[in-house]
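Results of the structural survey
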Amino acid sequence: MPETNALLLTEDGDVIELALGKKDRLPVYRAVIRCERVACRALTSRLDMWFDEDHPYNHTDRVNIPAMLLAARHGYAGDNICGPVVVTGGPDDEGAMMPLSQDALRALLVSLDDIASD
């Protein structure tokens, strides 16, 4: 079984660790985000946030506060992020999606814990 390499942030504030293989990532993102089309927002060069591309229409009443606060910590000041999101590592040199490294995962969990206690 692979190590945790992505996090699911739900609208209810749950943080769920995901262990994804290389080939199944995008279908799993669609399943856990509950959507057909995913969009990606780079939070940093090593951190991406995946969400429902049609989130304003599909999840209108479910603003994801943890995702919004995490994104704001990294300079995001756009529209509300609605519905569940998956956080992964940033792209590699060729643009392929990368998993979270174990160091990035630990730092992200600390950051999310800090956000929850604010």
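This text follows the structure it describes.
Read on for a plain summary of the structure. Quick caveat: nothing in here was measured; it's all calculated off a predicted structure.

This paragraph deals with the packing of aromatic side chains. Counted according to the given criterion, the structure contains one aromatic pair. For the pair Y29 and W50, a centre-to-centre distance of 5.3 Å together with 40 degrees between the ring planes defines the contact as tilted. You can see Y29 sitting in helix α1 (residues 25-33) and its partner W50 sitting in strand β4 (residues 47-52), a full 21 residues away along the chain. In this structure W50 comes out as buried when scored by relative accessible area, which is 10%.

Moving on, we come to unusual backbone geometry. The residue R34 is not glycine, and still its phi comes out positive at about 65 degrees. One can find R34 in the loop between α1 and β3 (38-44).

Right, let's talk about helix α4 (residues 102-117) for a bit. For α4, spanning 16 residues, the distance from its first C-alpha to its last is 23 Å, which sits close to the expected 22 Å at 1.5 Å a residue. For α4, every residue scored as buried is listed here: L105, L108, S111, L112 and I115. The arc that holds every buried residue of α4, seen down its axis, measures 130 degrees, which confines them to one face. What points out from α4, more than 90 degrees from its buried face, is the exposed set D103, V110, D113 and S117.

Our focus in this paragraph is the pairing of strand β2 (residues 15-18). One ladder, built from four bridges, connects strand β1 (residues 6-9) with β2; its direction is antiparallel. Bridged to L9 within β2 is V15. Linkage of β1 to β2, two consecutive antiparallel strands, is achieved through a turn of five residues, within which G13 is found at a positive phi near 90 degrees.

Turning to the pairing of β4, a few remarks are in order. Across the six residues of β4, six count as buried, placing the element largely inside the fold. In this sheet, β4 lies alongside β3 in antiparallel orientation, the contact comprising six bridges. Bridge pairing in β4 places R41 opposite M49. Hairpin geometry of β3 and β4 is characterised by an intervening segment of two residues between the two adjacent antiparallel strands.

This paragraph deals with the nonpolar core. In terms of nonpolar packing, the biggest core is built from 20 residues, with M49, L70, I81 and L108 touching the most fellow members. At the level of secondary structure, the elements contributing two or more residues to this core comprise β1, β3, β4, α3 (65-73), β5 (85-91) and α4. Apart from residues no more than four positions distant in its own chain, L70 is found in contact with L9, L43, M49, V87, L108, S111, L112 and I115. Among the nonpolar cores identified, the runner-up in size contains ten residues, and C35, V38, W50 and V86 belong to it.

Rules used throughout
- Residues numbered from 1 in each chain as written.
- Predicted model: local features only at pLDDT ≥ 70, side-chain atom pairs only at ≥ 80, totals over all residues.
- Heavy atoms only, no water.
- Phe/Tyr/Trp six-rings, centres within 6.5 Å; stacked < 30°, edge-to-face > 60°.
- Helix = DSSP H or I, 4+ residues; strand = E, 2+ residues; numbered from the N terminus.
- Buried < 20%, exposed > 50% of the residue type's maximum accessible area, 1.4 Å probe, protein only.
- Expected span 1.5 Å × (residues − 1).
- Arc of directions from axis to C-beta.
- Pairing = 2+ DSSP bridges.
- Core = buried A, V, L, I, M, F, W, Y, C linked by side-chain atoms within 4.5 Å.
- Contact = heavy atoms within 4.5 Å.

Function cannot be read off these values alone, since they describe shape.
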